[in-house]
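Commentary on secondary and tertiary structure
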Amino acid sequence: MLKIASFLQAFALTFGAALSFSYAECLSWDELLAEESVIEVNIARRATMFVGYLNPPQLGVCFLGEDFYNIFIVRLVKEQPNRHFFWIGGPHSLDLVDTASRTSMLHEGEEFYFDLATKLSGPRSFPGIEIEFLLSFQGEIDFFEPVTIYFTPFMGGTFSKEYWLPEKYLDE
């Protein structure tokens, strides 16, 4: 009986999430950049990586697609409310393992290291994005304050950029 109740609860959450996000209208790549939902972090001569926060449904659906985002919301964000997901994308020269292990975030004096990296696949509609992945960490973040995304390559130096989540996503 418990298995059936769990299944029905998961189905209701998935179905409800699908209905609530099915009408999300995604911004174009240029609009995402203009409103700074996505920031560009230049990482020396190697490449430029783009970073965006995925927890707000309106952004997450645009980056991941409705089906994947609905599963993502139900299984991860609902179960772990302090889990935060970031999308990183760039050219093929952006090495998944290297970038994931060398990217961190600073918020109000506390440093966060990403503990989950997943490569995404499938056709993308973002210009110049050839590789993309998710990074995740667990912790308390107040997005009314900026976070700073850091990348530290093998060859030394640190590249960073401040990220402010646009105000319209703070209530989601």
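About the thresholds
Note on numbering: residues in each chain are counted from 1, in written sequence order. Confidence filtering applies because this is a predicted model: local features only for residues at pLDDT of at least 70, side-chain atom pairs given and counted only at 80 or more, and all residues used for totals across whole chains, interfaces and linings. Excluded from the side-chain calculations are hydrogens and water; all other atoms, namely the structure's heavy atoms, are used. Each residue is placed in one exposure class: buried if its accessible area under a 1.4 Å probe, protein chains only, is under 20% of its type's maximum, exposed if it is over 50%, and partly exposed if it falls in between. Comment: elements are numbered from the N terminus, with helices defined as DSSP H or I runs of at least four residues and strands as E runs of at least two. Pairing of aromatic rings covers Phe, Tyr and the six-membered ring of Trp, with a centre-to-centre limit of 6.5 Å; geometry is then stacked below 30 degrees between planes, edge-to-face above 60, and tilted otherwise.

All right, on to helix α3 (residues 57-64) then. Of all 8 residues making up α3, 7 are buried, and the element is well covered by its neighbours. The complete set of buried residues in α3 reads P57, L59, G60, V61, C62, F63 and L64. G65 occupies a position one or two residues after α3 and carries a positive phi of about 85 degrees.

Attention now moves to the packing of aromatic side chains. Per the stated rule, a full pass over the model turns up 10 aromatic pairs. With centroids separated by 6.2 Å and ring planes inclined at 20 degrees, the aromatic side chains of F86 and F137 adopt a geometry described as stacked. Note that F86 is positioned in strand β3 (residues 83-90) and F137 in strand β7 (residues 131-138), a separation of 51 residues in sequence. Each member of the pair, F86 as well as F137, is classed as buried. Grouped by ring-pair contacts, the aromatic residues W29, F50, F63, W87 and F126 constitute a single cluster.

Purely geometric stuff here, so don't read any function into it on its own.
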